[in-house]
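# Examination of the molecular architecture
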Amino acid sequence: MAVSAAATAAIAPLLLRNPFPTIFMYADQSLLNLVRKYKFLEFLLSFFISSFLFFLRLLPSLFPSIGTIKTPKTGCYVEATASGGGGGDSGISRALSQLLSIVSDIPVCSRKYEVVRSLAERLIDENLQEGFEVLREVNRKVLSAAFARTLDRLEAVMVQQHGAAADGCGQVEYRLNRVLRAFRSAGDVAWSRVGRRREEVSREGISAEKLAAELLWLAQQMEACGSGEEAVCLWASASNLARLALYAEPRLQGSLVKVSAYLFKQAKEMGREQEDEIKKEQRQTNMKMLMSWLPLLCRGSNGTDTPVLSINERAELEKVLEEIIEMLEKEEEQEKVLSVWLHHFTYCSSSDWPNLLASYTRWCTTSRKLALLQ
């Protein structure tokens, strides 16, 4: 009888996990629109959410027997190739994939962090020094997969921390996000205590700033291995991450500004070296990168204690941005980019950088001449 009561108490939180999140996650947007129109419904929804959050806080005291269930030991090792390491079938590629995965997982404060990172750098350098295309291709594939994986993890961490603000949500939507996060948290505790801990639970607590710093390191390694173009393309496509970055903490914004500055410089160099057929694709990538990351450069923090970029680095990056904008041959593309820049540059009172007024003036002159020819 006691065993039956304990089992019932253990299952209760799991039952809470299943139906309600589905209801909230797939609720139609029209419900939120209706709530905005009628204050009474907004009050009722707010009251319900507040009551439910209070109820979730009482769960540990309502079901104290959950803590008495022992969690069976499970293996923590997961092969890097199983999670999309992208390193191919050779042993050296699997070893490098595993090292980069471990670098992403362990905290910087660990004494083993520098050991593993140095070992990864040594493998990359030795593959380059051998001079064989097969080993260079191993470096490119593994580093590209690691860069993409780190981008995804950084976005997931930032969504969890700043998702409500980044989506521009109002008070009601913000509280709904709190409910969903509370559901996930309560469910993760319940699953772990009955012996079914999920992989993502074991990886919680990864610092977003750490992941951003590793993105810069990976981009530098990719450039040394001849795959800097892949890093630029992946960064240009991370539009959701760029939007989340506008609401991030100053230290994290500073780290992302460093990554953006480095990759903008790489994009400019690639535009010079490529042939005409490839330049068209590169211009499209540059367009996406400017539209995504220019707002962060305008609104992002330039450092709390010390500047993220020095005065010379900021001046150099302004010239880089001007050259990239000039590479956009279509006048309409330049207009879109400069319109985004002007909006964020003028509405951010805390920064006067990057100053692209010279590019804006040149575009106005060109646009005026085109209007006269029509």
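### Looking at the overall build of the chain
- Counting its secondary structure elements, the chain contains 17 helices and zero strands.
- Burial statistics for the chain: of 374 residues in total, 42% are counted as buried.
- For the chain, the proportion of contacts with a sequence separation of at least 24, taken over those separated by at least 6, is 79%.
- Accessible area of the chain: about 21,300 Å², with a carbon and sulfur share of 55%.

### As for the pattern of salt bridges
- Enumeration according to the criterion identifies eleven salt bridges in this entry.
- Here K210 ties to E214 by a salt bridge, and the two come within 2.5 Å at their closest N and O atoms. Residue K210 and its partner E214 are located together in helix α10 (residues 208-224), separated by four residues, close to a single helical turn. Per residue, the accessibility class of K210 equals that of E214, and both read buried.
- With its nearest N and O atoms 3.2 Å apart, the salt bridge here joins E326 to R362. Here E326, found in helix α15 (residues 311-327), pairs with R362, found in helix α17 (residues 357-373); they are 36 residues apart in sequence, far enough to count as distant.
- Since its relative accessible area comes to 40%, E326 is described here as partly exposed.

### Considerations on the confidence of the model for the chain
- Overall, the predicted model of the chain reaches an average pLDDT of 76, with 62% of residues at or above 70.
- Across residues 65-85 the pLDDT falls below 50, and counting only partners more than four positions away or on other chains, this stretch makes 28 contacts in the model.
- For the stretch residues 164-175, pLDDT sits under 50, and the model shows 19 contacts to residues farther than four places along the chain or on other chains.

### What about α10?
- The first and last C-alpha atoms of α10 sit 25 Å apart over 17 residues, in line with the 24 Å expected at 1.5 Å per residue.
- Burial analysis of α10 places twelve of its 17 residues in the buried class, the great majority of the element.
- Here α10 has its buried residues at A208, K210, L211, A212, E214, L215, L216, W217, L218, A219, Q221 and M222.
- The backbone nitrogen of E209 has a side-chain oxygen 3.3 Å away, supplied by the residue at the start of α10, namely S207.
- Immediately beyond the C-terminal end of α10, within one or two residues, lies G226, with a positive phi of roughly 85 degrees.

### Considerations on the nonpolar core
- In terms of nonpolar packing, the biggest core is built from 73 residues, with F147, M158, W235, L263, F264 and W293 touching the most fellow members.
- At ten residues, the largest contribution of residues to this core is made by helix α13 (residues 250-273).
- Leaving out residues up to four positions away in the same chain, W293 has contacts with W235, A238, L241, A242, A245, S260 and F264.

### Here we look at the environment of L297
- You can see L297 is positioned in helix α14 (residues 276-299).
- Put simply, L297 and L256 are 41 residues apart on the chain and 9.2 Å apart in space, counted from C-alpha to C-alpha.
- Setting aside residues no more than four positions away along its own chain, L297 makes contact with V257, S260, F264, L317, L321, W353 and P354.

### Concerning the side chain of N286
- Structurally, N286 can be placed in helix α14.
- N286 gets classed as buried once you look at its relative accessible area, which sits at 2%.
- Within the structure, the side chain of N286 is placed 2.8 Å from the side chain of Q282, a separation counted as a polar contact.

### Some remarks on the packing of aromatic side chains
- Taken as a whole, this structure holds four aromatic pairs when the rule is applied.
- Seen from their ring centres, W235 and W293 are 4.1 Å apart, and the 10 degrees between their planes marks the pair as stacked. With W235 in helix α11 (residues 228-237) and W293 in helix α14, this pair connects stretches of sequence that are 58 residues apart.
- Since its relative accessible area comes to 0%, W235 is described here as buried.

### Some remarks on unusual backbone geometry
- Here W353 and P354 are connected by a cis peptide whose omega angle stands at -5 degrees.
- With respect to the secondary-structure elements, P354 resides in the loop between α16 (331-347) and α17.

### Brief notes about the environment of K258
- With respect to the secondary-structure elements, K258 resides in helix α13.
- Residue K258 is classed as partly exposed on the basis of its relative accessible area of 40%.
- Separated by 45 residues in sequence, K258 and A213 have C-alpha atoms that sit 8.6 Å apart.
- Sequence-distant contacts of K258, that is, excluding residues within four places in its chain, are made with L216 and V308.

Analysis parameters
- Residues numbered from 1 in each chain as written.
- Predicted model: local features only at pLDDT ≥ 70, side-chain atom pairs only at ≥ 80, totals over all residues.
- Heavy atoms only, no water.
- Helix = DSSP H or I, 4+ residues; strand = E, 2+ residues; numbered from the N terminus.
- Buried < 20%, exposed > 50% of the residue type's maximum accessible area, 1.4 Å probe, protein only.
- Contact = heavy atoms within 4.5 Å.
- Areas by Shrake-Rupley, 256 points an atom, 1.4 Å probe, with all protein chains shown as cover.
- Salt bridge = Lys/Arg side-chain N within 4 Å of Asp/Glu carboxyl O.
- pLDDT = per-residue confidence, 0-100.
- Expected span 1.5 Å × (residues − 1).
- Polar contact = N/O pair within 3.5 Å; in protein donor to acceptor, adjacent residues only side chain to side chain.
- Core = buried A, V, L, I, M, F, W, Y, C linked by side-chain atoms within 4.5 Å.
- Phe/Tyr/Trp six-rings, centres within 6.5 Å; stacked < 30°, edge-to-face > 60°.

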